[in-house]
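Spelled out, the chains give:
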Amino acid sequence: MPSLSRRYFFISMFCLLPSLCFAQKVYEGQVIDKATEDPISNVNITLIKEKIGIQTNERGYFELSSEHPVPNDTLQFSSVGYKTFKLPVSAYQSQMFVVLEASNTRLNEVRIANKKKLKNIVLDKFAYYDLKSVDGVSYGHSTEIIKARTALAKFFTAPNANAVVTKISLGRQDLLTSPTYSVRNKLTTFLIHIMTPDTLTGAPGKVIFTKTVSLNDNSLWVDIDLTNDKRIIPTKNFFVAVEWIITPYNEIIGVNNAPKVAKTTKRGYQVIKDASEYYVYYQPFLVGYSPEDDTRKRALLYTRNNDKWQIFRHQKSELALSATIHY
Amino acid sequence: MKKIVVLFCLFPFLADAQGKLNKFHVVDSLSGKAVPSVSVTLVRARLSINTEKDGIFMIPGNLASLRDTIILYAQNYKPNQLLTRQLNGRDTLRLTKFAIDFKSKPAKYNNDTLLNSYRKQDIVHYAGVNTGTAKFEYLQLAQQFYTSKPGTILKSIKLNRLAFGLDVSEYTWTHLVHLDVTKFRIRIYDIDPITHGPGRDLCNKVIEESKSVGSQVSINLKKYNIIIPNTSFFVAIEWIRDFYNAGYSVAYDQDGEITRDINYRPALGISAITGKALNIWALNFNREWKPFTYFMPFGTDLAMSAIIAY
């Protein structure tokens, strides 16, 4: 095998030579507000020397393809109300979060006080740097892919009953960190359920709300706005569940190295060769992260097998799934 | 010995039931020479393999008791369809060549046109892998192209396939690269006037892409002088279902049950551009061309482009 590997190494390096010289480069990531940690839409991103640009979408996501890369070019991020940020392309990291700071000229948001003094809080809040290292600094965190075959439900406790869920946020794993997957996150459609606990078992029970979520970019941070849905949770405890949809649209392929029998000798010995073993998975790939406070108790997770909810026991880290409520 | 092992892998349930091995040679009916890479399909068992260069294949079991239909097919030969019990007592199967006249007038072609352009970085989906929702039981996948006028020449094609560890900027080399090597054949078809699917071959030469490593494959077809007689034609990938291309696929079905099957490379990219109509056709084990609807409504075209000249 060593000789075979060496051979393919040279073949592949030879094939790559042209692409190394004239490679098209794709810059992508998400732009985040430093103070609120919310994604910022409509940020102008420009490659200054190549003179091409694009704007972030509603998830703050951008994907800028450099067809004719210019040496020592700079990515410039600018938006009304924010300080312009320049990033040399040499410092760019794949699928990075870019954090913009509000400028002094930014208009203050007008806040209308509610007579009842309702509060917004984020339950199980996570940060963008929990999903991925920023500027090469990992903050000592590690992430893992969390996925189930059918559905996964996370347990939340609100301060009171009858709170309104206004937003669900979730993190997706950056698959580029592993070359064993066929593609990045890109396209996926899945379901979000809000459920009340079963009064007998405490497991996810009645579904009180379902929303279909469709994503068409590689954004790692996903906010699902439920403001207009005005969904009241009658109980203090509730679940937010992600349900995978098993369709070709959500397919993603992974690879393993598996042995195959090339021949059997007269003495019965088997000569083994490497073979590809393709694994078919379904998106989304959620993120498990290690919170800064590692002593924090992990939220309870349930998975559904054969229409029965069972405690998800493979959990080493916290699922990046938060709920913003209004109460 | 190698081929015996391959066929044991492919017919495991038969091998378990019956220990007897039936060996067959597929030869040209005129020359008596072996026909290489013959597609051998057991229709009822939904199994298909290709022979190696020696044209030999084996079926384990008692042929007299097997109730199945076997189809033998090779490019430029008439398909040979037999009942398995008809194989009993035979060791040689003959294929007869088509009489094809591919003479075409030499002409000058100046204007190049690119058909079915796609961006390789947008490719997300791949055809050719057994999944939790369906097994990939096809011999060929064809992309339909449209030209503005008849009489064009097909100069080249480009396609993208699944290849791990390459073309990902941060990981230009991994230990998994060698798993992606594959070989396959290219077939060019005219449009069938009745089915509007792939019809007669437009090239009688065997076009084989061998030991392909990278994800992007460009094939120059100039030397074959392929003239497109109508305003539509098909370029198909023919899988060579042999030991070299054999790997595995693992998938969960709707009930969460895991299945592991033999899977033949390559897996072909699906263009991220959704067209107005479905342009992918698939040749099933019964050798019938059908529209390939697996990735509908979003996947209408293969990640395959063609350059024609007129």
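As the structure is a prediction and not an experimental result, all values here were calculated from the model.

**Topic: the overall build of chain B**
Looking only at helices and strands, one finds two helices and 23 strands in chain B. Split into buried and exposed, the 310 residues of chain B put 40% on the buried side. Within chain B, contacts between residues at least 6 apart in sequence are counted, and of these 73% link residues at least 24 apart.

**Re the domain arrangement of chain B**
Residue and element names in this part refer to chain B. If you check the domain split of chain B, you get domain 1 (5–95) and domain 2 (112–309). In this assembly, 17 residues from domain 1 lie in contact with 12 residues from domain 2. For the side of domain 1 that touches domain 2, the elements supplying multiple residues, two or more each, are helix H1 (2–10), strand E2 (39–42), strand E3 (47–50) and strand E5 (69–73). Here the residues of the side of domain 1 that touches domain 2 sort into eight nonpolar, seven polar and two charged.

**With respect to the pairing of strand E5 (residues 74–78) of chain A**
All names here are of chain A. A one-sided burial pattern is seen for E5, the buried positions being Leu-75 and Phe-77 and the unburied ones Thr-74, Gln-76 and Ser-78. Judged from the four bridges that link them, strand E2 (residues 44–47) and E5 form a sheet pairing that is antiparallel. If you follow Asn-44 over to E5, its bridge partner there is Ser-78. As paired elements, E5 and strand E6 (residues 85–88) share four bridges and run antiparallel to each other. Looking at the pairing, Gln-76 lines up with Lys-86 of E6.

**Notes on the nonpolar core**
With 126 residues, the main nonpolar core has Ala153(A), Val240(A), Ala320(A), Leu141(B), Ile188(B), Val235(B) and Leu268(B) as its most contacted residues. When residues no more than four places from it in sequence are discounted, the contact partners of Leu268(B) are Tyr126(B), Ala127(B), Gly128(B), Leu141(B), Leu159(B), Arg161(B), Ile237(B), Leu302(B) and Ala303(B). Grouped together as the second largest cluster of nonpolar side chains are 14 residues, Val26(B), Phe57(B), Ile70(B) and Leu95(B) included.

**A look at the environment of Ser66(A)**
Residues and elements named next belong to chain A. Within the secondary structure layout, Ser-66 lies in strand E4 (residues 61–66). Exposure remark for Ser-66: the 17 C-beta atoms within 10 Å place this residue in the partly exposed category. In sequence terms Ser-66 and Gly-53 are 13 residues apart; their C-alpha atoms lie 9.4 Å from each other. With residues near it in sequence (within four places) discarded, Ser-66 still touches Gln-24, Lys-25, Tyr-27, Leu-47, Glu-50 and Ile-52.

**Quick notes on the sheet that holds E5(A)**
Residue and element names in this part refer to chain A. One open sheet holds the four strands; their spatial order is E3-E2-E5-E6, and the pairing between them is antiparallel. Edge positions in the open sheet fall to strand E3 (52–55) and E6, since each of these has one partner strand only. Taken over all neighbouring pairs, the strand axes of this sheet differ in orientation by 20° on average, direction set aside. Here E2 pairs with E3 via four bridges, running antiparallel. Directly across from Asn-44, in E3, lies its bridge partner Gln-55.

**Brief notes about the confidence of the model for chain A**
Predicted confidence across chain A gives a mean pLDDT of 82, with 81% of residues reaching 70 or more. Model confidence for chain A, summarised as mean pLDDT per element, is weakest for helix H1 (residues 2–22) of chain A at 43 and strongest for strand E16 (residues 237–244) of chain A at 96.

**Topic: the sheet that holds strand E7 (residues 96–100) of chain A**
Residues and elements named next belong to chain A. The strand order across the open sheet formed by three strands is E4-E1-E7, and the pairing between neighbours is mixed. Lying at the two open borders of the sheet, with one neighbouring strand each, are E4 and E7. Taken over all neighbouring pairs, the strand axes of this sheet differ in orientation by 35° on average, direction set aside. Across five bridges, the pairing between strand E1 (residues 25–33) and E7 is parallel. Counterpart to Val-31 in the pairing with E7 is Val-98.

**Thoughts on the confidence of the model for chain B**
All names here are of chain B. Summing up the model confidence of chain B, the mean pLDDT is 86 and the portion of residues at 70 or higher is 86%. Taken element by element, chain B is modelled with least confidence in H1, mean pLDDT 42, and with most confidence in strand E10 (residues 138–146), mean pLDDT 98. Counting contacts from residues 1–18, a segment whose pLDDT is below 50, to residues more than four positions away or on other chains yields 33 contacts. Every residue in residues 166–173 scores below 50 in pLDDT, and together they form 16 contacts with partners more than four places removed in sequence or on other chains. Both confidence scores are given for the complex: pTM 0.82, ipTM 0.82.

**Considerations on unusual backbone geometry**
Cis peptide bonds are those with omega within 30 degrees of zero, and the linkage from Gln283(A) to Pro284(A) qualifies with 5°. Note that Pro284(A) resides in the loop between strand E18 (270–282) and strand E19 (286–289). In this model, Met296(B) is joined to Pro297(B) through a cis peptide bond whose omega is 10°. Here Pro297(B) shows up in the loop between strand E22 (289–291) and strand E23 (304–309). Located in the positive-phi region is Asn306(A), a residue other than glycine, with phi close to 50°. Judged by local crowding, Asn306(A) falls into the exposed class, with 8 C-beta atoms found within 10 Å. Here the phi dihedral of Asn76(B) falls at roughly 75°; this positive angle occurs in a residue that is not glycine.

**Quick word on the pairing of strand E18 (residues 246–252) of chain B**
By the criterion of burial, E18(B) is predominantly enclosed, with five of the seven residues buried. Of the pairings in the sheet, the one linking E18(A) to E18(B) comprises four bridges and is parallel in character. Looking at the pairing, Tyr279(A) lines up with Val250(B) of E18(B). Relative to strand E19 (residues 258–264) of chain B, E18(B) runs antiparallel, the two being bridged by seven bridges. Across the sheet, Ala251(B) pairs through a bridge with Thr259(B), a residue of E19(B).

**Concerning the environment of Ile311(A)**
Relative to the helices and strands, Ile311(A) resides in strand E21 (residues 308–311). With 11 C-beta atoms counted inside 10 Å, the residue Ile311(A) sits in the exposed group.

**Concerning the environment of Lys308(A)**
Mapped onto the elements, Lys308(A) comes out in strand E21. Taking C-alpha positions, Lys308(A) is 9.4 Å from Pro204(A), a pair spaced 104 residues apart along the chain.

Cut-off values and rules
Residues numbered from 1 in each chain as written. Chains lettered and ligands numbered in written order. Predicted model: local features only at pLDDT ≥ 70, side-chain atom pairs only at ≥ 80, totals over all residues. Helix = DSSP H or I, 4+ residues; strand = E, 2+ residues; numbered from the N terminus. Buried ≥ 20, exposed ≤ 12 C-beta atoms within 10 Å, placed from the backbone. Contact = placed C-beta atoms within 7 Å. Domains from an automatic or database assignment. Nonpolar A, V, L, I, M, F, W, Y, C, P; charged D, E, K, R; others polar. Pairing = 2+ DSSP bridges. Core = buried A, V, L, I, M, F, W, Y, C linked by C-beta atoms within 7 Å. Axes fitted to C-alpha atoms, helices over the stretch in contact; angles between N-to-C directions. pLDDT = per-residue confidence, 0-100.

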